[in-house]
Amino acid sequence: MRLIIVAGPPSTGKTAVIRQIIRSMPEQRFAYLKIDVVVATEDEELAAEFNIPTKKVYSGDICPDHAGIMVMDDAITWAAEQIADFLIVESAGLCLRCTPYTTQSLGIVVLSAVSGIHSPVKMAPMIALADIAVVTRIDLVTQAEKEVFREKIKGISNGIEIVETNAIQGTGLRFLIRDISEGPEVTDSKSITLRGIPPLGVCTVCIGKTSIGWQNHFGVIRKLDGADYLFRGE
């Protein structure tokens, strides 16, 4: 089985790209897991459209990418039980800092060409550890804007492969489908690890304290100026 992890900001076209992947590989059996915070319908839509096994996990009070990391091993076991050739995991991608890609997987980040030429640097970790960047909505920008956007991505990860597409129509995805077909296999799920270190989640805001001001909190904290009190403990 091959593991595909699709990350990227909300509303960039992640699910549309996944639809095109499944549609382009009708001979393969897919399983799909959606990680989200409050509401998700993508699993129901893909199950109805392609008749594939799907699941979703709501992270609720914890970071959705942290939740995805926690359930990943269970998801791989579940997909193997479904006799899936590919497990696609779609992240919520809310904080732009988490990098949910793992070893023994193909990491795909989906970006929107209309999000602005500076948007890639705002989500650099999500791009830096990905294998492929899929840029959607290219039909809505000029050629010059496309080239600048591409260079911004290359400035973060020079070795990343860039695929430009109108995900609704599925144009330009031939090389993406090839890379997915030839991607790494899960050889030992128990040895899978993250490619990068996610941000810490150990402050008192995380446990429900609502006071404002760093002086009222402990754990990992942040001041407006300076970095003398990044960690206070109790």
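Residues numbered from 1 in each chain as written. Predicted model: local features only at pLDDT ≥ 70, side-chain atom pairs only at ≥ 80, totals over all residues. Heavy atoms only, no water.

A.B. asks: How should I be thinking about the environment of Val57 in this particular structure?
C.D. replies: Looking at where Val57 falls in the secondary structure, it is placed in strand E3 (residues 54-58). A C-alpha to C-alpha distance of 9.6 Å links Val57 and Val39, two positions 18 residues apart in sequence. (Helix = DSSP H or I, 4+ residues; strand = E, 2+ residues; numbered from the N terminus.)

A.B. asks: Sorry if this is basic, but what is going on with the side chain of Asn166 here?
C.D. replies: Along the chain, Asn166 turns up in the loop between strand E7 (161-164) and helix H7 (174-181). Within polar-contact distance, the side chain of Asn166 engages the side chain of Asp139 at 3.5 Å. Not counting the four nearest positions on each side in its chain, Asn166 is found in contact with Ile138, Asp139 and Thr171. (Polar contact = N/O pair within 3.5 Å; in protein donor to acceptor, adjacent residues only side chain to side chain. Contact = heavy atoms within 4.5 Å.)

A.B. asks: Honestly, the packing of helix H1 (residues 14-24) against H7 in this entry has me stumped. Any pointers?
C.D. replies: For any two helices packed against each other, one specifies the inter-axial angle together with the distance between the axes. The interhelical angle for the contact between H1 and H7, taken along N-to-C directions, is 70°, at an axis separation of 11 Å. With respect to H7, the element H1 is oriented roughly perpendicular. Judged by the sense of rotation from one axis to the other, the crossing of H1 with H7 is right-handed. In contact with Val17, Gln20, Ile21 and Ser24 of H1, H7 contributes Leu176, Ile177 and Ile180. Considered class by class, the residues forming the contact of H1 with H7 number five nonpolar, two polar and no charged. (Axes fitted to C-alpha atoms, helices over the stretch in contact; angles between N-to-C directions. Parallel < 35°, antiparallel > 145°, perpendicular 65-115°, else oblique. Left-handed = near helix turned anticlockwise from the far one by under 90°. Nonpolar A, V, L, I, M, F, W, Y, C, P; charged D, E, K, R; others polar.)

A.B. asks: It is not clear to me how the pattern of salt bridges should be interpreted in this structure. Could you clarify?
C.D. replies: Pairing between side chains of opposite charge can happen when their charged atoms approach one another. In the structure shown here, the tally under the stated rule is 13 salt bridges. Taking the shortest distance from any N to any O, the salt bridge between Glu45 and Arg19 comes out at 3.2 Å. With Glu45 in helix H2 (residues 42-50) and Arg19 in helix H1, this pair connects stretches of sequence that are 26 residues apart. The salt bridge partner of Glu164 is Arg150, with a shortest N-O separation of 3.6 Å. Highlighted residues: Glu164 in strand E7 and Arg150 in helix H6 (residues 143-156), separated in sequence by 14 residues. On the basis of relative accessibility, which here comes to 23%, the residue Glu164 falls in the partly exposed class. Looking at Arg150, the relative accessible area reads 28%, which means it is partly exposed. Each of Arg19, Arg23, Glu45 and Glu49 takes part in salt bridges that share partners, so that together they form one network. (Salt bridge = Lys/Arg side-chain N within 4 Å of Asp/Glu carboxyl O. Buried < 20%, exposed > 50% of the residue type's maximum accessible area, 1.4 Å probe, protein only.)

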